[in-house]
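# Structural description and commentary
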Amino acid sequence: MTFKKRSLIVASLTLTLSLLAACAAPAVPAAPAAPAAPAATEAPTAPAAQGGESVVTTWYYYDQNNTDPQANERVGNFYIAKTIPLFNEAHAGRFKWENVPRDYNLVLDLVTAVQSGGDVPDVMQFDITHLPTYLLNNTIQDVEWAREQPWFSDLDPQAVEACTVDGKLMCIPISESPWLVYYYTDFYKDGFPKTPEELLRVGGELSKDGNYALTYWGSTAFDGEAAGRYFYQVISSFGGRYDDGQGNLKLNTPENIKAIEFMREVVKNGLSSESVFAGNFEEEEAFKQGKAGAFPTGFFIAVRYLNPLKSPAGKDYANIEEAVNDNAVALAPFVATEGNKPGCSLDLFGFVVPRTAKNVEGAKAYINWIMDPQNTVDWIVSAGGGFPTSASLRADPAFRTELYKQAQAVGEASACRPWFGSLRRIPEAKKIITNTIYDLIKARPDADIAAELTKAEEEYNRGN
Amino acid sequence: MSVASPQRARPGRGRLHFNRTLPFWLLLPGLLIIAAIQLYPALFTVYLSFQRIEPGTGRYIFRGLENFQRLFSTRQFIESIGHTAIFLVGYCVLAMTFAVLIAMLLRQRVKVTAFAITVIFVPWVLSDVIVGVVWRLFVVPQYGLFSPFFANPSLFPPRGISVLTTPPPPTLIPGIYFPPAPALIFLIFASAWKVLPFITLLILAALQTVPNEVLESAAMDGATAGQSFRFITLPLILPVLTVALFNLILGGINGVGMVFSLTGGGPGTATEVLSYLLYSIGFARLDFGLAAALSVVMTVINLTLVLLTLRLSQPQEER
């Protein structure tokens, strides 16, 4: 058979298959046609456990069967292992909790499971950045019933507002975690600088002999995570933001341009090491080894993952709390330009109920159980992270340690909000934003900032 | 004395039909399994490439060629085509060249023991992700084993390089992503290292089928080593080289594990090849329609390259 014939056959086959497939009836199980906030419950045929109890399924990236004391998620693993018997005991004869350990791709897993009619949890932990994706894909159901619960009125109204879409409550906000700066007091003896100019000046003096003024997530790894991390901390501290409030990407603003110029200076003057662009959390090492003076990051991220530490003076600490108690590390807001409050990204954690959850009553029981004050404290300290959104719980001793006190003061001194604002296609937005800013501060530090920001806007807004 | 051969019993028509169709029935279970696990997903991908999710309802709606238009208009897609082309050329040339050289060396009366073959095969049996992680550890900026070597300004002027973070130099021709970033070159080396044992053993096996007598008589007739290789060895091992090239092309275009674990597509988008872009669009952005469109485009690219390879590897007289 000649090459020509073979090519023709392949081309015809591809074309025929394409046409056939395109004309075929949809094979994806169709979701209900109702937009955004769907009806409360669908076919709650909860699987029964032994003894007439119905099973409540959760998905966490914590694994109750992993007893490794060195595991990355050991705190959450032990928490789930400890609390499963407690929940089952409290709901004996009615509900039995089963946790399905998952990896970090919870959003992808949930969206695809709901779309394909696969197994889904009855209740799942969420991060506020996931909410737009769930809404876009009609993945979750509303949790309006929560408004009638006794604990609801105690929740932070701003957190409730963040969970409310078209007047319907779509998630239960339980904890919030601001982004701030952890710094070594050995490096910054007079406290962390207050203005960008001061940081450049003081940082320049510190960045000698293998040390660096700061470290941060500057890489494009994990599909643009930097957009909600360091990049947003700087942008918002200069009074900037990513959106126009109408769901459009709006990057080309004087505030954003100044913020990017500042980030360029940080890189150009060697205030940070190359590892900030290496991805895979390499940037953390410089701080953990006492080589970088400051680390702008999430409050909860540092509490959970920044361990162990070696201070610049060479003293070892098992975790960040120990270092704060010893006054080796302190917390501060990021720098801010005149007239602006230091900016910070705000993480919000809690629960969502998938649209196709089988045991919605079980989900309600689980959430109500978690919202019992002592259980809430346990969940926040071990699984969720940050501060409680319940006003009364903030006085709990667990949140009155030196670390929490400093974090609370920093949070109050900063202007914190979820980084994505009105943007809805979060995964796409964060990749475009991160690639653009990275390109401007690292790959092409001479490129025209305004022109590149406009190009990025156009790329995202074409999809609106 | 003639012995009449016993007349063979003639099978009946039904029996004949059974014998003719038996292979089909024996193959049917396998074909059905292949249809279920390969054909259906492939067709579904084509179907999905014409659909887009309706915001808010999660339903797929027919949008014609919109996904393809979106794909071709994104800068990332064009960039990743360039990165893939550079990767593929570098990967195939490096792996084939070294594989042929090593195989030729091994053929020179070197006795390859089972143990040696096992050792040679180690990179091939490792998973892409493991190889990526190990090679990444060599060049991590702060503590990588080879990082000081690459950071040496006298070896890599003017300021040394950091493999994972140094951006690509300015392009020589606008729109052509060349020269590549150090990370892409490193990725090519890591990928070629991993596949080298398999390709080497494939070629070694082919070389061992080349008759020594022919080579010896060519030498007696005054043929140089180069001429022997060009006019005797190469034509004889060409079918195997074609198989090796198939393997490299398909693996090179479709493999994502190594990119994922070694560079994560970075620095910036410097190592974002088509397969990684597909992963990123599908699994990170959850834009399944666009990802399906990219899959279809990649299938066409794969088929084109395979057919081209077949065409070019055919002996001249058969063309």
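Residues numbered from 1 in each chain as written. Chains lettered and ligands numbered in written order. Predicted model: local features only at pLDDT ≥ 70, side-chain atom pairs only at ≥ 80, totals over all residues. Heavy atoms only, no water.

### A short note on the domain arrangement of chain A
Residue and element names in this part refer to chain A. For chain A, the assigned domains read domain 1 (50–176 + 347–416) and domain 2 (178–345 + 417–461). Listed by partner, the interface residues are 35 residues for domain 1 and 32 residues for domain 2. Sorting the residues of domain 1 by area buried against domain 2 places Leu403, Val410 and Cys416 first, and these three jointly supply 23% of that buried surface. Remark: the boundary between domain 1 and domain 2 carries one salt bridge. As a salt-bridge pair, Glu73 and Arg304 come within 3.9 Å of each other at their nearest N and O atoms. The tally of links between domain 1 and domain 2 comes to ten residue pairs in polar contact (both at pLDDT 80 or more). Looking at the side of domain 1 that touches domain 2, the element that brings in the most residues is helix 15 (residues 402–413), giving nine residues. (Domains from an automatic or database assignment. Contact = heavy atoms within 4.5 Å. Buried area = accessible area lost by both parts, 1.4 Å probe. Salt bridge = Lys/Arg side-chain N within 4 Å of Asp/Glu carboxyl O. Polar contact = N/O pair within 3.5 Å; in protein donor to acceptor, adjacent residues only side chain to side chain. Helix = DSSP H or I, 4+ residues; strand = E, 2+ residues; numbered from the N terminus.)

### Examining the packing of aromatic side chains
Residues and elements named next belong to chain A. According to the stated counting rule, one finds 55 aromatic pairs over all chains in the structure shown. Their ring planes at 80° and their centres at 5.3 Å tell us that Trp217 and Phe281 sit as a pair that is edge-to-face. Note that Trp217 is positioned in the loop between helix 6 (196–206) and helix 7 (221–224) and Phe281 in the loop between helix 9 (254–268) and helix 10 (282–288), a separation of 64 residues in sequence. Arranged with centres 5.9 Å apart and planes meeting at 75°, the rings of Tyr242 and Trp419 form a pair that is edge-to-face. With Tyr242 in the loop between helix 8 (230–237) and helix 9 and Trp419 in the loop between strand 14 (415–417) and helix 16 (426–443), the pair connects residues that are 177 residues apart, well separated along the chain. Under the relative-accessibility criterion, Tyr242 is labelled buried at 0%. Pairwise contacts between aromatic rings join Tyr183, Tyr188, Phe192, Tyr216, Tyr230, Phe231, Phe277, Phe334 and Tyr438 into one cluster. (Phe/Tyr/Trp six-rings, centres within 6.5 Å; stacked < 30°, edge-to-face > 60°. Buried < 20%, exposed > 50% of the residue type's maximum accessible area, 1.4 Å probe, protein only.)

### A look at the side chain of Asn302 of chain B
Relative to the helices and strands, Asn302 of chain B is located in helix 12 (residues 288–313). Sequence-distant contacts of Asn302 of chain B, defined by excluding residues within four places in its chain, comprise Leu250, Ile253 and Asn254 of chain B.

### Re the domain arrangement of chain B
Here the domain parsing of chain B yields domain 1 (13–48) and domain 2 (71–318). For domain 1 of chain B and domain 2 of chain B, the distance between their C-alpha centres works out to 35 Å.

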